[in-house]
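Spelled out from the first residue to the last, the chains are:
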Amino acid sequence: MLRKRGSLIFCGTFLFVTWNAILVLLLWGRPPAPGQPGEPDREQGDAAESPTDDVVGDVMRMADTFEKELELQKNILLQIKKQQSLWEPKAPPPPGRPVVPILVIACNRVTVRRCLDKLLELRPSAELFPVIVSQDCGHAETAEAIRSYGSQVVHLKQPDLSDVAVRPEHKKFQGYYKISRHYRWALNQVFKTLSYSSAVIVEDDLEVAPDFFEYFQALLPVLRSDASLWCVSAWNDNGRDGYVDPGRADLLYRTDFFPGLGWMLDRELWGELEPKWPAAFWDDWMRQPEQRRGRACIRPEVSRTFTFGRKGVSLGQFYDKYLRYIKLNNKFVPFTELDLSYLKEDSYRERFEKEVYSAPVVTYDEVKQGQLKGSGPVRLQYSKKDSFKMLARNLGVMDDLKSGVPRTGYRGVVTFISRGRRVYLAPPPGWTKYDPTWS
């Protein structure tokens, strides 16, 4: 159907161009009507529009007319060519290999080039990982930067650039409203218009690791086969250099906290979220119990994305203190060759809790001053919101909670490296649920 539509449009365009060319030739070759040049009110117009005895002048005017007509036809053909890639069928992907588009959310950063350059450099297959750039804001320089990649990316433009109607006290949050609107539109394009079954979302200020594509390719079947999972993220909120084990770049975790910053979801989840998608602050909305519904995400020990975008609607919140120091993995881990069954809910939970609560309990001073004995992991216990925030802040990990869930937390436990030792910042044994008032 799409090929037929494309052929019809090309035929129509050809006939349109040919007819215009014949019409112009006929008009220029037509002799003036008798007596017409003598009419006072038509003389000036006819002198400009009809052939005269000045053959050279006529030829020059004809050339000028044809030049304008050809420019018009050129613009029409360029528009058709731009849409042709959406009509013509793509080369089929290798059998048994799912297609996972990379959806890049862009606005007004010309530095989107840094993001796209790395994605295209590391992409193992254009068929398996099409790059779709959805641009909001209407920023001309950014649009030109995206267009410069030609057929290597699909460039979509969010059509509604108007301000969002908000309460007077929310005018300063206009940017967050526009971002949420853009996400909804872009995800609808991917899942409803283009009919993909999953997607990885990357913001325009993210750089990806060498095994970024390998990571998501390996974890897609894990996500699809486990109803207790709802996303896969490339990000570790506490992944600063010195707080992760670079020798365990293969280590993956379940987390109750939605990380974002390079994450994968499937069409079924979007079908669940889209009807109630929020007007603003979509990421914090995702962290609410009503959306999470007890499900977890997968996240890595060492991040597979790094943000270089200090400036944005959040005005650099957390950037100078945390985000700029996130360690980006630089080693390729062959995740598709590894056994990832340990991430299944039942086996993971049992093993994780056994490891955490068999670790010796230590004090804050012992951790802070590097006075720990032995060589294995240790447990630092908290019981209240204030004690968690005090310990987290003083040990250099992120201390904020969303609906009671700490960043990177799984069943209340936050794990990180301190002075070369694995630390579990954990609630007492017997933990059952998060307290939403801890926010």
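Residues numbered from 1 in each chain as written. Predicted model: local features only at pLDDT ≥ 70, side-chain atom pairs only at ≥ 80, totals over all residues. Heavy atoms only, no water.

*Asks:* Hey, could you go over the pattern of salt bridges for me, with residue numbers and the actual values?
*Replies:* Inspection of the entire model under this criterion finds 27 salt bridges. A salt bridge links Glu169 to Arg167; its shortest N-O distance comes to 2.9 Å. You can call Glu169 partly exposed: its relative accessible area is 49%. Overall, the relative accessible area of 46% leaves Arg167 in the partly exposed class. Here the salt bridges share partners, and the residues they tie into one network are Arg109, Asp204 and Asp205. (Salt bridge = Lys/Arg side-chain N within 4 Å of Asp/Glu carboxyl O. Buried < 20%, exposed > 50% of the residue type's maximum accessible area, 1.4 Å probe, protein only.)

*Asks:* Just give me the short version of the sheet that holds strand 14 (residues 414–418), but keep the residues and values in it.
*Replies:* Strand order across the open sheet formed by three strands is 11-15-14, with mixed pairing between neighbours. Each of the sheet's edge strands pairs with one partner strand only, and the pair in question is strand 11 (378–381) and strand 14. Put simply, the sheet's adjacent strands are angled 30° from each other on average, direction ignored. For strand 11 and strand 15 (residues 421–426), the ladder comprises four bridges, and the chain directions are parallel. By the bridge assignment, Arg379 is partnered in strand 15 with Tyr424. (Pairing = 2+ DSSP bridges. Helix = DSSP H or I, 4+ residues; strand = E, 2+ residues; numbered from the N terminus. Axes fitted to C-alpha atoms, helices over the stretch in contact; angles between N-to-C directions.)

*Asks:* Please provide a residue-by-residue account of the nonpolar core, values included.
*Replies:* Counting 54 residues, the largest nonpolar core has Ile102, Val104, Leu119, Phe212, Tyr215 and Leu219 as its most contacted members. With nine residues, helix 7 (residues 212–225) is the single largest residue contributor to this core. Counting residues in each nonpolar core, the second largest holds 24 residues, with Tyr183, Val190, Ile201 and Trp270 among its members. (Core = buried A, V, L, I, M, F, W, Y, C linked by side-chain atoms within 4.5 Å.)

*Asks:* Could you give an account of the state of the cysteines, with specific residues and numbers?
*Replies:* Across all of its chains, the model carries two disulfides by this definition. Covalent S-S linkage joins Cys231 and Cys297, the inter-sulfur distance amounting to 1.9 Å. As the torsion about the S-S bond is roughly 115°, the Cys231-Cys297 disulfide counts as right-handed. Of this pair, Cys231 sits in strand 6 (residues 229–233) while Cys297 is found in strand 9 (residues 296–300), placing the two residues 66 residues apart along the sequence. (Disulfide = S-S within 2.5 Å.)

*Asks:* Tell me about the side chain of Arg254, and name the residues and values.
*Replies:* Along the chain, the position of Arg254 falls in strand 7 (residues 252–255). Residue Arg254 is classed as buried on the basis of its relative accessible area of 2%. A distance of 2.7 Å separates the side chain of Arg254 from the side chain of Ser228, its partner in a polar contact. Within the structure, the side chain of Arg254 is placed 2.8 Å from the backbone oxygen of Leu343, a separation counted as a polar contact. Among all residues touching Arg254, those that are not within four sequence positions of it are Asp226, Ser228, Leu229, Ala296, Cys297, Ile298, Leu343, Lys344, Glu345, Tyr348 and Tyr410. (Polar contact = N/O pair within 3.5 Å; in protein donor to acceptor, adjacent residues only side chain to side chain. Contact = heavy atoms within 4.5 Å.)

*Asks:* So what's going on with the packing of aromatic side chains? Residues and values would help.
*Replies:* Per the counting criterion, the structure on display carries 25 aromatic pairs. Both rings, one in Trp277 and one in Trp282, keep their centres 5.9 Å apart while their planes meet at 20°; by these two values the pair is stacked. One exposure class covers both Trp277 and Trp282, and it is buried. Through a chain of ring-to-ring contacts, three or more aromatic side chains come together here, namely Tyr183, Trp230, Phe258, Trp263, Trp270, Trp277, Trp282 and Trp285. (Phe/Tyr/Trp six-rings, centres within 6.5 Å; stacked < 30°, edge-to-face > 60°.)

*Asks:* Give a description of helix 13 (residues 385–395) that names residues and reports values.
*Replies:* Those residues of helix 13 not exposed but buried are Phe388, Lys389, Leu391, Ala392 and Leu395. Turning to helix 13, the residues buried within the fold contact helix 12 (364–368), strand 11, strand 12 (401–402), strand 13 (405–406), strand 14 and strand 15. Positive phi appears at Gly396, one or two residues downstream of helix 13, with a value of about 90°.

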